[in-house]
Amino acid sequence: MKNLYTLMALIGALFMAANAAATPATDAEFAQFKSAGAANFSAEHGKQNWSKEVASKDGEKRSCTTCHDADLTKPGKHNTTKKVIEPMAPGVNNERYTDQKKIEKWFKRNCEWTWGRECTAQEKGDFLKFLMGAK
Amino acid sequence: MQKSYKLVALLAGALFLNSGSAMAEEGFWSWLGTGTIDGWRGVGVVPVDSKQYKDECGSCHFAYQPGLLPTKSWEKLLTAEGLHDHFGEVADLDKDTLQTLRDYVLNNAADKSMHKIAKKITIATEDGEAPLRITEVRYIKRKHNDIPAKMVKDNKDVKSLSYCNACHTKAEKGIFKEDTVSIPNYPDY
């Protein structure tokens, strides 16, 4: 019995380590993406999309890295106002992904500005997984 | 009958006091001797006192004080459609946040304020179409007229008059007086 407890604690610890950046807000986000039909979220896809360039109406190429740094541990800079954007990596900026409303607000705004449309639940899930895993 | 006269007089008195207090603010504080501390002296517009406004608007740009534009300008800017194309940016807000911020800003717009800069802006925008940019306000333009382009547009640390706080070191406090200006790369100006 004691062994079983130890094993459970070990599994629990492993699970927590793998989800180091998970917060109630991100749990709620993933639950929402899943209920919208998305599954198998991939940090790799998120990473690819992070630097994917899409041309705006006036032909300007835009990607997430237009304003955020490709290195998530580094701060970015707003394309127009030049205001500093704090790093996206939760390891460096522990305020990240703690407020579901904020996550949704910025997904909506930034997907529309960058890609000219809202992101799908799958794309958002991939992004979130990629961003949360950044050290 | 007499009683109701008294009531009216009392009400009128209360109203007068209320509207007068904003006007007397600067004078009062300097009279009190606190004038030399930059708390109140030279405050041209009321500083932002809404944390939500500071957070929402200030996450992308300088949180311009509501007193820097008249009501009719803010009314155009702060709508769902207006924010969806906010000078080329998508700045959507959820309905409740938009309503709260809109109420806050409209209640504190230039024409609701007795502060010096707010009053000047109100007068400058009374006629004609409502400006959407603070930098389009006649008074603001005139105030910056004599500053050469090399110090603003062609100054890599300034770029545009939109970045109030690039030069106005106390912009956040609503203070824009000349002796608080420090232009990056032009220390002697």
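Data block above holds the structure.
Residues numbered from 1 in each chain as written. Chains lettered and ligands numbered in written order. Predicted model: local features only at pLDDT ≥ 70, side-chain atom pairs only at ≥ 80, totals over all residues.

Before going further, it helps to examine the overall build of chain A. On a plain count of helices and strands, chain A comes out with five helices and four strands. Reading the helices (α) and strands (β) of chain A from amino to carboxyl end gives α-α-α-β-β-β-β-α-α. Evaluated residue by residue, chain A yields a buried proportion of 21% over its 135 residues. Of all intrachain contacts in chain A linking residues separated by at least 6 positions in sequence, the fraction that spans at least 24 positions is 55%. (Helix = DSSP H or I, 4+ residues; strand = E, 2+ residues; numbered from the N terminus. Buried ≥ 20, exposed ≤ 12 C-beta atoms within 10 Å, placed from the backbone. Contact = placed C-beta atoms within 7 Å.)

Attention now goes to the interface of chain A and chain B. With eight residues of chain A at the contact, the number on the chain B side is six residues. Classifying every residue of the side of chain A that touches chain B by side-chain character gives one nonpolar, three polar and four charged. (Nonpolar A, V, L, I, M, F, W, Y, C, P; charged D, E, K, R; others polar.)

With that settled, consider the packing of helix α3 (residues 43-50) of chain A against helix α5 (residues 121-132) of chain A. Residues and elements named next belong to chain A. At a minimum axis distance of 7 Å, the contact between α3 and α5 shows a crossing angle of 95 degrees. If you check the angle between α3 and α5, you find them roughly perpendicular. Contacts between α3 and α5 involve Ala43, His45, Gly46, Lys47, Asn49 and Trp50 on the former and, on the latter, Glu123, Asp126, Phe127, Lys129 and Phe130. (Axes fitted to C-alpha atoms, helices over the stretch in contact; angles between N-to-C directions. Parallel < 35°, antiparallel > 145°, perpendicular 65-115°, else oblique.)

All names here are of chain A. Along the chain, Lys74 turns up in the loop between β2 (61-62) and β3 (76-77). Between the alpha carbons of Lys74 and Pro87 there is a distance of 5.1 Å; along the sequence they are 13 residues apart. Excluding anything up to four places from it in sequence, Lys74 contacts Asp69 and Pro87.

In a regular helix each residue adds 1.5 Å, so twelve residues correspond to 16 Å; helix α2 (residues 24-35) of chain A covers 16 Å between its end C-alpha atoms and thus fits that length. Tucked into the core, α2(A) has its buried residues touching α4 (100-115) and α5 of chain A. (Expected span 1.5 Å × (residues − 1).)

What follows concerns unusual backbone geometry. Residue and element names in this part refer to chain B. The phi angle at Phe87 is positive, at roughly 55 degrees, despite the residue not being glycine. Here the phi dihedral of Asn185 falls at roughly 70 degrees; this positive angle occurs in a residue that is not glycine. As for its position among the elements, Asn185 is in the segment after α8 (164-167). On the basis of neighbour count, Asn185 is assigned to the exposed category, with 11 C-beta atoms found within 10 Å.

Scope: geometric values only; no functional claims are made or implied.
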